[in-house]
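# Understanding the architecture of this molecule
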Protein chains: 2
Amino acid sequence: MEKRIYNFSAGPAALPLPALEEAQRDLLALPGVGMSIMEISHRSKQCLEVFESCEANLRKLLSIPDSHKVLFLHGGASLQFSMVPINLLRGSGKPADYIITGSWAKKAIKEAQREGETNVAWDGSGDNFKRVPKDSELQLSSDAAYCHYTSNETIQGIEFDKEPDTGDVPLICDASSNFLSKPLAMDRYGILYAGAQKNAGPAGVAIVIMREDMIERFGEETHAMLDYRNAIDKQSMYNTPPVFAVYMVGLVAKWLVETIGGLDKMQKINKDKAQLLYDAIDQSGGFYKGHAEKDSRSAMNVTWTMENSELEQEFISSAQAQGLSGLKGHRSVGGLRASIYNAMPVAGCETLRDFMLEFQKNKG
Amino acid sequence: MEKRIYNFSAGPAALPLPALEEAQRDLLALPGVGMSIMEISHRSKQCLEVFESCEANLRKLLSIPDSHKVLFLHGGASLQFSMVPINLLRGSGKPADYIITGSWAKKAIKEAQREGETNVAWDGSGDNFKRVPKDSELQLSSDAAYCHYTSNETIQGIEFDKEPDTGDVPLICDASSNFLSKPLAMDRYGILYAGAQKNAGPAGVAIVIMREDMIERFGEETHAMLDYRNAIDKQSMYNTPPVFAVYMVGLVAKWLVETIGGLDKMQKINKDKAQLLYDAIDQSGGFYKGHAEKDSRSAMNVTWTMENSELEQEFISSAQAQGLSGLKGHRSVGGLRASIYNAMPVAGCETLRDFMLEFQKNKG
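Note that this is a predicted model, so its numbers are computed, not measured. (Residues numbered from 1 in each chain as written. Chains lettered and ligands numbered in written order. Predicted model: local features only at pLDDT ≥ 70, side-chain atom pairs only at ≥ 80, totals over all residues. Heavy atoms only, no water.)

## Observations concerning the sheet that holds strand β11 (residues 289-290) of chain A
Residue and element names in this part refer to chain A. How we decide: Between any two strands, at least two bridges found by DSSP are needed for them to pair. Each helix is a run of H or I in the DSSP string that is no shorter than four residues. Each strand is a run of E no shorter than two, and both are numbered from the N terminus.
The sheet built from three strands is open, its strands ordered β11-β12-β14 with antiparallel pairing. Each edge of the open sheet carries a strand with a single partner, namely β11 and β14 (336-339). With four bridges connecting them, strand β12 (residues 301-305) and β14 associate as antiparallel partners. By the bridge assignment, Trp 304 is partnered in β14 with Leu 336.

Okay, structure coming up:
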């Protein structure tokens, strides 16, 4: 086998090795089936079992209440940016509140603006998206169709540590980049959605968790693939679903249940991993400058800058040469970013921390 | 390894064993990369190479002219049912012609009806969708925005043997179930799209081949994930694409180029495979009754009925017990269906043919 390296990419990102190993072992023929998971009919008993087992493990991990449906949809989180307002804002006669914390929140509101009135409940752009808001700062509409927020901004590296309080207004969350990294108060969410390719699996599927009372709020029938009712009625199989991606999400969820022991434990590991890197930043005397304010720091994406872009580039190249890949910051903000999702082992963060210390010793 | 069986499912369907074997070998770490194809950034050089190599092999196989773009999109063919009229019919002031040959064409026109005027250019429903039309039967609008047809109806088992003649009106094709099964006159197509999960790869990606002059015909800007301009401008990476599915399409295309030797050869093999089963039907003295008229017979999906549903059920169960899986007809038409896409080996069709002869000898 090829040697595996430490992959700090923002997503697609590292996957748990046991999940990859099981997928590899069974890729030509699922046990007892005689066909690859990619070849079986999505209507077959075996495929339904794959979906059911994946959902069961997600329900266990997140304590998803019976009041919430779990869907597996095409199009990633970006299609959810549109499906949410198409189903809930169009024709509602109400505004939709959006909390603008960074690049992804901006993308989400842009699609909503096509479907109705939007209200910016808070905007962190003046502050270069360095923090998330307190509840007391939110300017919510009393009669909003919903309030949308982004629980972790992958590009800026800031994260909410609890759900914003929106009262009776349905809370909608793009949780793409911290989904399954920690426990959530699922009963608080009207809809929570996440592209799989950060913590949950490979690119190609969005997990959508929806409280049943949202259904009464849907507007007129629309295009079949954009209408949540079809996804619900057909249990994510209105058309052929992305079977392999769901299978992989299932293997990752199984790893979280069986190997990690749940999301409380995963959260503890993630915090400890992040702390290794934030300590290296805080103790660098300004050699590494963290982007996020301390109480908004993300446990998933650690972002920082250095004195100039030449030094940053040298850091990235040297790190790459030592098997530490994907540390370049997003082109829209520059600097550096270490994405340390669930599957990044502690040893990966330790190796990066050691590299940071060594690099500073040589260049600082 | 688990024993592999013959899989006659309509899709997802059998994949070429060499493609599965290469995917299995490299699943934990792509050669020279050190990460799984599921883990690498879609912005990485390695991922771009996977997409470019996939496109290059598709271009070679189908002789796709430089005038045509190749896109890899989320949502399967079903989302294309909507994207075609959203981009080309909405606001055009023109009608769209649809040739209604079966279940999939009916689904396609339903989405178009949400966006503008549609004209049924031919309707095979009165005849229980047993055949495709001749050009002389088509009632085309002179000023249509486009004419849409379904090159192979998976459920009914009927197939066009050449493109309908629509003159200067752009021809749009849902080729999901015979894509890559034979050469096509690609210059004839405005847009040809196909869900991958029949001949081209696993579920989770649609291949969309589009002549550049379509771009001038697009209407107003719309939701980012539904606007072809974004997919074109960002080279299929407006959001994270379904990387693994594209990788698999690339392995299947490589198999067609290197092992099969191109689509002329694939077509010959496919015709011979289908003939084995159609001969068993035609020579059964009515024990097996073919659904399609002879000159509309599909080389991909062979459909037939038997005297009663008990006998059909017995056929299906006995076949399953002998490792011949997925022969039940679609629930909307009943009977039996053998889907024999590219990856079904000749030996699979011979085994099924032998089973048909034996079953008739015992029960006929």
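## So, the interface of chain B and chain A
Many structure descriptions define interface size as the accessible area lost when the parts assemble. Test applied: Residue contacts are defined here by distance: any two heavy atoms, one from each residue, within 4.5 Å place the two residues in contact. A simple way to read buried area is as the amount of 1.4 Å-probe accessible surface that goes missing from two parts once joined, with both sides added. Criterion for a salt bridge: a side-chain nitrogen of Lys or Arg within 4 Å of a carboxyl oxygen of Asp or Glu. Any N or O atom pair separated by 3.5 Å or less is treated as a polar contact, with the protein-specific requirement of one donor-capable and one acceptor-capable atom, and with residues adjacent in sequence counted only for side-chain atom pairs. Residues are sorted three ways: Asp, Glu, Lys and Arg are charged, Ala, Val, Leu, Ile, Met, Phe, Trp, Tyr, Cys and Pro are nonpolar, and all the rest, Gly among them, are polar.
Each partner contributes to the interface: chain B provides 66 residues, whereas chain A provides 66 residues. Carbon and sulfur atoms supply 59% of the area buried between chain B and chain A, which totals about 5,100 Å² over both sides. It is Leu28(B), Glu39(B) and His223(B) that lose the most area in chain B upon contact with chain A, and together they represent 15% of the buried surface on that side. Counting the contacts that link chain B with chain A gives two salt bridges. Counting across the chain B and chain A interface gives 23 residue pairs in polar contact (both at pLDDT 80 or more). Of all the secondary-structure elements, those providing two or more residues to the side of chain B that touches chain A are α1 (17-25), α3 (76-88), α4 (103-112) and α6 (243-260) of chain B. By residue number, the principal contributor to the side of chain B that touches chain A is α1(B), which donates six residues. Residue classes in the side of chain B that touches chain A are distributed as 31 nonpolar, 21 polar and 14 charged.

## A closer look at a positive patch on the surface
The test is simple: Grouping into patches uses exposed residues only, defined as over 30% relative accessible area, and leaves out salt-bridged ones; the cut-off is 9 Å for like charges and 5 Å for nonpolar side chains (Val, Leu, Ile, Met, Phe, Trp, Tyr). In this description, accessible areas are obtained by the Shrake-Rupley approach with a 1.4 Å probe, and a residue is regarded as covered only by the protein chains that are shown. A residue counts as positive if it is Lys or Arg and as negative if it is Asp or Glu; His and the chain ends are not included. Where a charge sits is defined by one atom per residue type, namely NZ (Lys), CZ (Arg), CG (Asp) or CD (Glu).
On the surface, Lys107(A), Lys110(A), Arg331(A), Arg43(B) and Lys234(B) cluster together into a positively charged patch. Here Arg43(B) is to be found in the loop between α1 and α2 (45-62).

## Section: the nonpolar core
Stated formally: Residues belong to a common nonpolar core when they are buried Ala, Val, Leu, Ile, Met, Phe, Trp, Tyr or Cys residues joined through side-chain atoms within 4.5 Å. The rule is simple: take the accessible area with a 1.4 Å probe, protein chains only, and divide by the maximum for that residue type; under 20% is buried, over 50% is exposed, in between is partly exposed.
Judged by nonpolar contacts, the single largest core of 130 residues is most densely connected at Phe179(A), Ile207(A), Met248(A), Phe179(B), Ile207(B) and Met248(B). If one sorts the elements of this core by residue count, helix α6 (residues 243-260) of chain A sits on top with 14 residues. Among all residues touching Met248(B), those that are not within four sequence positions of it are Met38(A), Leu15(B), Ala19(B), Leu20(B), Ala23(B), Ala200(B) and Pro202(B).

## Re α6(B)
Residue and element names in this part refer to chain B. Stated formally: What a helix is expected to span follows from its residue count: subtract one and scale by 1.5 Å.
Helix length check: α6 (18 residues) gives 25 Å between terminal C-alpha atoms against 26 Å at 1.5 Å per residue, within 8%. With respect to burial, α6 is a largely interior element, 14 of its 18 residues being buried. Just downstream of α6 lies Gly 261, where phi reads positive at about 95°.

## Details of the pattern of salt bridges
On inspection of all chains with the given rule, the structure shows 40 salt bridges over all chains. A salt bridge links Asp354(A) to Arg353(A), with the shortest nitrogen-to-oxygen separation between them at 2.8 Å. For Asp354(A), a relative accessible area of 42% translates into the label partly exposed. Lys45(B) is paired through a salt bridge with Glu49(B); the nearest N and O atoms lie 3.6 Å apart. With Lys45(B) and Glu49(B) both in helix α2 and four residues apart, this pair spans about one turn of that helix. For Lys45(B), a relative accessible area of 57% puts it in the exposed group. Each member of the salt-bridge network shares a partner with another, and the members are Glu111(A), Arg114(A) and Glu221(B).

## Examining the pairing of strand β10 (residues 206-211) of chain B
Residue and element names in this part refer to chain B. With six of six residues buried, β10 is to be regarded as a mostly interior element. What you see with β10 is no split at all: Ala 206, Val 208 and Met 210 on one side and Ile 207, Ile 209 and Arg 211 on the other are buried throughout. Bridge count for strand β2 (residues 68-73) against β10 is six bridges, and the pairing is antiparallel. What sits directly across from Phe 72, in β10, is Ile 207. As defined by bridge partners, strand β9 (residues 189-195) adjoins β10 across five bridges and the pair is classed as antiparallel. If you follow Ile 191 over to β10, its bridge partner there is Met 210.

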